[in-house]
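If you want the building blocks of each chain, they are given just below.
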Amino acid sequence: MLHDVVLSGHGFRLEPLALEHAETLAGLVDEAMWSGMSIPLPYGVAGMADLVAATRAAPDLTGFVVRAVDPGRGAGAVLGGGGVRARARGGGRVEVGRTFYARSTWGSLVNPVTKWLLLRHAFETWAVHRVGVGVGRRTERSLGGLRRL
């Protein structure tokens, strides 16, 4: 879904996922970190470009990249990506998921802040009634992150 939603706070910025992000995002992923994800690993830049294009083309997906804003966190650096999927007619429910971040950010504020920005936007701007979080059964790291959140 093409969109112009930009969310920012606490040193991070979520902006619309675009093909120009494919190369950087491809450099963040590998088989071990992708294990347990519900979608196949996008191999190389071409694979990530296909994933970005498919995300943008899906009428029910809103894709984002996550950037650092603060100089201390590498201002402007792409740290990962994710999305929101509409799950109910009339906009009553969405699901946050498809998130992945650079290994260097694991255990930091990136995931909690990103989820908080998405949750706030879903409830306050889109006025949804329910937000789910999609996590693969085998993704222990993601489950742990959600527990902390």
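Residues numbered from 1 in each chain as written. Predicted model: local features only at pLDDT ≥ 70, side-chain atom pairs only at ≥ 80, totals over all residues. Heavy atoms only, no water.

Caption draft 1: Structural detail: the pairing of strand β2 (residues 12-16). Bridge count between strand β1 (residues 7-9) and β2: three bridges; the pairing is antiparallel. Looking at β2, one finds that Ser-8 is bridged to Arg-13. Following β1, the chain reverses through two residues before pairing antiparallel with β2; His-10 in that reversal takes a positive phi of roughly 55°. Two elements, β2 and strand β3 (residues 61-68), share five bridges in a ladder whose sense is antiparallel. The residue bridging Phe-12 from the neighbouring strand is Ala-68, located in β3. (Pairing = 2+ DSSP bridges. Helix = DSSP H or I, 4+ residues; strand = E, 2+ residues; numbered from the N terminus.)

Caption draft 2: Looking closely at empty space enclosed by the protein. Under the counting rule described, the total for this entry stands at one cavity of 30 Å³ or more. The space that makes up the largest cavity amounts to roughly 120 Å³. Of all elements in the fold, only α3 (44-57), β3, β4 (78-86) and β5 (93-101) reach the threshold of two or more residues within the lining of the largest cavity. Per element, the largest residue contribution to the lining of the largest cavity is four residues, and it comes from α3. Tallied by class, residues from the lining of the largest cavity come to 11 nonpolar, four polar and one charged. (1 Å grid on protein atoms, 1.4 Å probe; cavity = no way out; pocket = protein on both sides within 12 Å on 5 of 7 lines; lining within 4 Å. Points joined across faces, edges and corners; volume = space filled by probe spheres on them. Nonpolar A, V, L, I, M, F, W, Y, C, P; charged D, E, K, R; others polar.)

Caption draft 3: Region of interest: the nonpolar core. In terms of nonpolar packing, the biggest core is built from 19 residues, with Leu-7, Leu-14, Phe-64 and Leu-118 touching the most fellow members. Sorting the residues of this core by element identifies β2, β3, β4, β5 and α4 (110-124) as the ones contributing at least two each. At five residues, α4 tops the list of elements feeding residues into this core. Setting aside residues up to four positions removed in sequence, Leu-7 forms contacts with Phe-12, Arg-13, Leu-14, Phe-64, Leu-117, Leu-118 and His-121. Of all hydrophobic cores here, the second largest spans 18 residues; its members include Leu-17, Ile-39, Met-48 and Phe-100. (Core = buried A, V, L, I, M, F, W, Y, C linked by side-chain atoms within 4.5 Å. Buried < 20%, exposed > 50% of the residue type's maximum accessible area, 1.4 Å probe, protein only. Contact = heavy atoms within 4.5 Å.)

Caption draft 4: A look at the pattern of salt bridges. Under the definition given, this model contains four salt bridges. Residues Arg-13 and Glu-15 are paired through a salt bridge, measuring 2.9 Å at the closest nitrogen-oxygen approach. Accessibility expressed as a relative area gives 34% for Arg-13, which makes it partly exposed. Among the residues examined, Glu-15 registers a relative accessible area of 13% and is labelled buried. Here Arg-67 makes a salt bridge to Glu-15, at a shortest N to O gap of 2.8 Å. With Arg-67 in strand β3 and Glu-15 in strand β2, the pair connects residues that are 52 residues apart, well separated along the chain. If you follow the salt bridges from partner to partner, you end up with Arg-13, Glu-15 and Arg-67 in one network. (Salt bridge = Lys/Arg side-chain N within 4 Å of Asp/Glu carboxyl O.)

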